Amino acid sequence: MTPAAPGAGRFAPSPSADLHIGNLRTAVLAWLFARSTGRRFLMRIEDLDERTHDDVASRQLADLAAIGLDWDAEPEWQSRQRIRYDTVIDDLARRGLVYECYCSRRDILSAPRAPHAPEGAYPGTCRELTEDQRAVRRESRPPALRLRADATEHTVTDLLHGSYTGVVDDFVLRRGDGVPAYNLAVVVDDAAAGIDQVVRGDDLLSSSPRQAYLARLLGHDQPVYAHVPLVLNAEGKRLAKRDGAVTLAELGTSRAFALITGSLGWPSADLAELLARFDPARLPREPWIYQPV
Ligand SMILES: [Zn+2]
């Protein structure tokens, strides 16, 4: 169960590439949200995907320390927590809340859809298969495990977006290749670490109803959410490596930090000044358009 206040905030990078200035800005915001509310601040390396690398994770942590962020415990690595996820999936299965899915992405896209089914929701193809049907399908494809959800939507409260209602479907808990799904790992890890404040990019806002729904099923309190605007390139697309100088190594620490503080409205502030002045209500609500220098 989530401990009583004060809880913790966190930053949870995926070590697939070096952090760019948009990721660093989100990390600064997560730190400010946590520290300004008396919370602990934790780091988690989301390295369940095979495209992630330990050396990238080490550089990410070094970059975060270089811009002045600190955290209150050793960073947690998701790849070392597999038993934790398996235990939760087993518990859900015992409660009758898990079923096998044999669908490919293509199967899901081409499946007939109920008239009012929300866009992007799993159509429930494998939900009511008989044991005989499962045995046959299991031979062609290693199954993913899905949550048997009893809701189609869920509402979360977000400090920047207010009340947000989004899709809950029978989402994947464990992929066919055995890797725990992001939506499961996030919820389980946040609860295990006592994290009660989730600050991250607003590209993840639409995932938060699924995660909050699962948290409730598991008996955890819903965290405080703040989904902050992403950083976009000059064409209005997500910032990426090809957009020029975007990493700390390319920009230099002081230049990168000045760009971040400038984007938050305090061009020459240091981290302590930012913390002293931090007010979520005054945060820019629009994406920051980043022009490489
Ligand atoms: Zn299926």
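What to know about the overall build of the protein chain
Looking only at helices and strands, one finds ten helices and twelve strands in the protein chain. In terms of C-alpha radius of gyration, the protein chain reaches 20 Å, essentially the compact-globule figure of 19 Å for 293 residues. The C-alpha extent of the protein chain, read off along each of the three principal axes, is 65 × 45 × 40 Å. Burial analysis of the protein chain (293 residues in total) assigns 50% to the buried set.

Quick look at helix 1 (residues 21-35)
Compared with the 21 Å implied by 1.5 Å per residue over 15 residues, the 21 Å span of helix 1 between its first and last C-alpha is a close match. The buried count for helix 1 comes to 14 of 15 residues, which makes it a mostly enclosed element.

Thoughts on the sheet that holds strand 4 (residues 98-101)
Read across the open sheet, the three strands follow the order 4-5-8; overall the sheet is antiparallel. Unpaired on one side and paired on the other, strand 4 and strand 8 (172-174) mark the two borders of the sheet. Strand-to-strand twist in this sheet, taken as the mean axis angle between neighbours without regard to direction, amounts to 45°. Taken together, the two bridges between strand 5 (residues 144-147) and strand 8 define a ladder with antiparallel strand orientation. Residue pairing in the sheet places R146 in a bridge with V172 of strand 8. Sheet contacts for helix 3 (residues 82-94): strand 4, strand 5 and strand 8; angle to strand 8, the most-contacted strand, approximately 125°.

Looking at the nonpolar core
If you look at the biggest cluster of nonpolar residues, it comprises 43 residues, and the most contacted ones within it are I21, V28, L64, L69, L274 and Y290. Those elements giving two or more residues to this core turn out to be helix 1, strand 2 (40-45), helix 2 (54-66), strand 10 (224-228), helix 8 (248-251), helix 9 (253-263) and helix 10 (271-277). Those residues in contact with Y290, other than ones at most four positions away along the chain, are I21, V231, L232, N233, A234, L239, A245, V246, L251 and L259. Grouped together as the second largest cluster of nonpolar side chains are 22 residues, L145, L173, V179 and L218 included.

Describing the coordination of the zinc ion
With distances of 2.1 to 2.3 Å, the protein atoms coordinating the zinc ion are C101 (SG), C103 (SG), Y122 (OH) and C126 (SG). Here the zinc ion is ringed by four donor atoms whose angles at the metal span 102 to 123°, and the overall shape comes out tetrahedral. Here the donor residues of the zinc ion are spaced in sequence according to C-x1-C-x18-Y-x3-C. Taken together, the residues span a long stretch of sequence, with C101 in strand 4 and Y122 in the loop between helix 4 (105-110) and helix 5 (131-138) at a distance of 21 residues.

Observations regarding the pairing of strand 9 (residues 197-201)
Among the five residues in strand 9, five count as buried, and that is most of the element. As paired strands, strand 9 and strand 10 are joined by five bridges and run parallel to one another. Across the sheet, residue V198 finds its bridge partner in strand 10, namely Y225. Following the backbone out of strand 9, through helix 7 (residues 208-217) and into the adjacent parallel strand 10, one traces a crossover that is right-handed.

Here we look at the pairing of strand 6 (residues 153-158)
In strand 6, alternate side chains face the same way, and those of H154, V156 and D158 are buried while those of E153, T155 and T157 on the opposite face are not. Bridging between strand 6 and strand 7 (residues 162-167) involves six bridges; their strand directions are antiparallel. Each bridged residue has a counterpart across the sheet, and for H154 the counterpart in strand 7 is G166. Between strand 6 and the antiparallel strand that follows it, strand 7, lie three residues.

Some thoughts on the pattern of salt bridges
Tallied over the entire structure, the rule returns 23 salt bridges. The closest approach of N and O atoms between R35 and D72, which form a salt bridge, is 2.9 Å. Taken together, the positions of R35 in helix 1 and D72 in the loop between helix 2 and strand 3 (76-77) put the pair 37 residues apart, joining distant regions of the chain. Residue D72 is classed as partly exposed on the basis of its relative accessible area of 41%. Members of the salt-bridge network, linked through shared partners, are R10, R44, E46, E76, R84, D189 and D190.

Cut-offs applied
Residues numbered from 1 in each chain as written. Predicted model: local features only at pLDDT ≥ 70, side-chain atom pairs only at ≥ 80, totals over all residues. Heavy atoms only, no water. Helix = DSSP H or I, 4+ residues; strand = E, 2+ residues; numbered from the N terminus. Rg over C-alpha atoms; globule rule 2.2 N^0.38 Å. Buried < 20%, exposed > 50% of the residue type's maximum accessible area, 1.4 Å probe, protein only. Expected span 1.5 Å × (residues − 1). Pairing = 2+ DSSP bridges. Axes fitted to C-alpha atoms, helices over the stretch in contact; angles between N-to-C directions. Contact = heavy atoms within 4.5 Å. Core = buried A, V, L, I, M, F, W, Y, C linked by side-chain atoms within 4.5 Å. Donors = N, O, S within 2.8 Å, 3.2 Å for Na, K, Ca; no water. Tetrahedral: all angles 85-135°; square planar, octahedral: opposite > 155°, others 65-115°. Right-handed = clockwise from strand over helix to strand, strands pointing away. Salt bridge = Lys/Arg side-chain N within 4 Å of Asp/Glu carboxyl O.

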